[in-house]
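# Survey of secondary and tertiary structure
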Amino acid sequence: MIGWQGVVVTYGDVPVLKSVSLEVADGQWLGLIGPNGAGKTTMIKAGVGVVEYSGVVAVNGQEARRGEDVAWMPQRPHLPDEMGVADYVMLGRTPHLGYLGAESKHDVDTVRTSIEKLGLSGFERRPLGTLSGGEAQRVVLARALAQEAPVLLLDEPTASLDISHAVEVLDVVDDLRRTESLTIVMAAHDLTLAGRYCERLALIAGGEVVADGDPSMVLTEDLLGAHYGAGIRVLADEDGPIVVPVRRSND
């Protein structure tokens, strides 16, 4: 389980998160949704410890250890064009390497297993600069998986992908959640995809959690319209709500 307890983040004098408290159960997939600037990415960054905050972020009741308890898939990862896939995935083992930074057999085996689980066998020596968008996202996910952390934080993992590759990546995440017993927290802009994959959604607005629950409870026209400031229509579907924008009238 991961929990944010009274977490406050300010950038300069501007409060971005206002005493946010939220707990995510073991094995659960929580989606963070909300308009731009709401605090979704900041909440993810506080969870992984890359921004200063007050309050507590805890994993299984203990203050989270960066790199060991929580793995992070950033929205814009740095992918050196000439670096090979296996070398990049090995970066996920950095928190576990010894004093001299020597790779153990377990490190090598973990990287190989992560690459196989992401369907990247045969890519080990491919330079990152030669990968497609979907392949690159799977490599970043393999690096996060190689950390062997129980919690995976995803910041807009499908932001630069077309719908086919977005579904491909989220399918992989869901498979990993089930087979590896991972707890997933994902910041998402695509509300329909968030509603299809996440068991639970938290709507963040103005640095606060304004709604939290099942996707059908959170993805409503009244809630989304009030906080996104745009016309939104929500259509019922057997696989989950479909969220579509309503074009403003020119009259």
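This text goes with the structure placed above it.
Report on the accompanying structure. Note on numbering: residues in each chain are counted from 1, in written sequence order. The predicted origin of the model limits local features to residues at a pLDDT of at least 70 and limits the giving and counting of side-chain atom pairs to 80 or more, whereas totals for whole chains, interfaces and linings rest on all residues. Side-chain descriptors were evaluated using all non-hydrogen atoms of the structure, hydrogens and water having been removed beforehand.

## Description of the overall build of the protein chain
Only DSSP runs of H or I reaching four residues or more are called helices, and only runs of E reaching two or more are called strands; each is numbered from the N terminus. Helix and strand counts for the protein chain come out as eight helices and twelve strands. Its C-alpha atoms put the protein chain at 65 × 40 × 35 Å along the principal axes. In the protein chain, the proportion of contacts linking residues at least 24 apart, taken out of those at least 6 apart, comes to 64%. Accessible area of the protein chain: about 12,300 Å², with a carbon and sulfur share of 48%. The sign given to each residue is positive for Lys and Arg and negative for Asp and Glu; His and the chain ends receive no count. A charged residue contributes its charge at one atom only: NZ of Lys, CZ of Arg, CG of Asp or CD of Glu. Seen as two clouds, the 21 positive and the 36 negative side-chain charges of the protein chain have centres 3 Å apart. Here, two residues are considered to be in contact whenever any of their heavy atoms come within 4.5 Å of each other. Surface exposure here means Shrake-Rupley accessible area, sampled with a 1.4 Å probe, where a residue is shielded only by the protein chains that are shown.

## Some remarks on the sheet that holds strand S1 (residues 2–11)
The strand order across the open sheet built from four strands is S2-S1-S4-S5, with neighbouring strands paired in antiparallel fashion. If you trace the sheet from one side to the other, it starts and ends with strand S2 (14–24) and strand S5 (62–63), each paired once. An axis is simply a line fitted to the C-alpha atoms; with a helix, the fit covers only the stretch in contact. Between two such axes, the angle follows the N-to-C directions and lies from 0 to 180 degrees. Its contacts with the sheet place helix H1 (residues 40–48) against S1, S2 and strand S4 (54–59), and it is angled at close to 115° to S1. Strands are labelled as partners when DSSP assigns at least two bridges between them.

## Notes on the sheet that holds strand S7 (residues 151–155)
Across the sheet, which stays open at both edges, the six strands sit in the order S6-S7-S8-S3-S9-S10 with mixed pairing between neighbours. Bordering the open sheet on either side are strand S6 (70–73) and strand S10 (208–213), each of which pairs with just one other strand. Across this sheet, the average inter-strand angle for adjacent strands is 20°, counted without regard to direction. Where strand S3 (residues 29–33) and strand S9 (residues 200–205) come together, four bridges link them in parallel fashion. Paired with Ile33 across the strands is Leu203, a residue of S9. Sitting on the sheet, H1 touches S3, S6, S7, strand S8 (183–187) and S9, and the angle it makes with S7 is about 150°. Contacting S6 and S7, helix H4 (residues 133–146) runs over the sheet at an angle of about 165° to S6.

## Some remarks on the nonpolar core
Within the largest apolar cluster, 51 residues are counted, with the highest numbers of intra-cluster contacts made by Ile33 and Leu141. The dominant element in this core, judged by the number of residues it contributes, is H4, at eight residues. Dropping the residues within four chain positions of it, Leu141 is found in contact with Met73, Leu118, Leu152, Leu154, Val172, Val173 and Leu176. To qualify as a nonpolar core, a set must consist of buried Ala, Val, Leu, Ile, Met, Phe, Trp, Tyr and Cys residues joined through side-chain atoms within 4.5 Å. Whether a residue is buried, partly exposed or exposed follows from its accessible area with a 1.4 Å probe, protein chains only, as a fraction of its type maximum: under 20%, in between, or over 50%, in that order. Residues Ile2, Val9, Val51 and Val57 belong to the second largest nonpolar core, which totals 25 residues.

## Considering the pairing of strand S11 (residues 232–235)
Where burial is concerned, the two faces of S11 differ: the one with Ile232 and Val234 is buried and the one with Arg233 and Leu235 is not. The antiparallel pairing of S11 with strand S12 (residues 242–245) creates a hairpin that spans six residues between the two strands, and Gly240 there sits at a positive phi of about 130°.

## Focus: the side chain of Arg177
Relative to the helices and strands, Arg177 is located in helix H5 (residues 163–180). Polar contact criterion, stated in full: a pair of N or O atoms within 3.5 Å, where within protein one must be able to donate a hydrogen and the other to accept it, and residues adjacent in sequence count only if both atoms are side-chain atoms. A distance of 2.8 Å separates the side chain of Arg177 from the backbone oxygen of Gly27, its partner in a polar contact. Not counting residues up to four positions away in its chain, the partners in contact with Arg177 are Gly27, Gln28, Trp29, Leu182, Ile184 and Glu199.

## Looking at the environment of Val24
Locating Val24 in the fold gives a position in strand S2. For Val24, a relative accessible area of 0% corresponds to the buried category. It is 25 Å that separates the C-alpha atoms of Val24 and Pro77, two residues lying 53 residues apart in sequence. In this structure Val24 touches Met1, Ile2, Trp4, Leu30, Thr183, Ile184, Val185 and Arg200, once residues within four positions along its chain are discounted.

## Let's talk about the pattern of salt bridges
We define a salt bridge as a contact between a side-chain nitrogen of Lys or Arg and a carboxyl oxygen of Asp or Glu at a distance within 4 Å. All chains considered together, the criterion is met by twelve salt bridges. Between Lys105 and Asp109 there is a salt bridge whose closest N-O contact spans 2.7 Å. Taken as a pair, Lys105 and Asp109 lie in helix H3 (residues 105–117) at a separation of four residues, close to a single helical turn. Connected through salt bridges with shared partners, the residues Asp174, Arg177, Arg178 and Glu199 form a single ionic network.

## Quick word on the environment of Ala236
Within the secondary structure, Ala236 sits in the loop between S11 and S12. The class for Ala236 is exposed, based on a relative accessible area of 82%. The spatial distance from the C-alpha of Ala236 to the C-alpha of Leu128 is 40 Å, given a sequence separation of 108 residues.

## Things to note about the packing of H4 against H5
Close contact between H4 and H5 brings their axes to 9 Å; oriented N to C, the two are set at 20°. Compared by their axis directions, H4 and H5 come out roughly parallel. Both H4 and H5 take part in a crossing whose hand is right-handed. Contact with H4, carried on its side by Gly134, Gln137, Arg138, Leu141 and Leu145, involves His165, Glu168, Val169, Val172, Val173, Leu176 and Glu180 of H5 and no other residues of that element. Split by residue class, the contact of H4 with H5 holds six nonpolar, three polar and three charged. Should an angle fall under 35 degrees it is taken as roughly parallel, and over 145 as roughly antiparallel, whereas 65 to 115 is taken as roughly perpendicular and any remaining angle as oblique. By definition, any crossing whose near helix is turned counterclockwise from its far helix by less than a right angle is left-handed, and any crossing with a clockwise turn is right-handed. Classification convention: Asp, Glu, Lys, Arg as charged; Ala, Val, Leu, Ile, Met, Phe, Trp, Tyr, Cys, Pro as nonpolar; all other residues, Gly among them, as polar.

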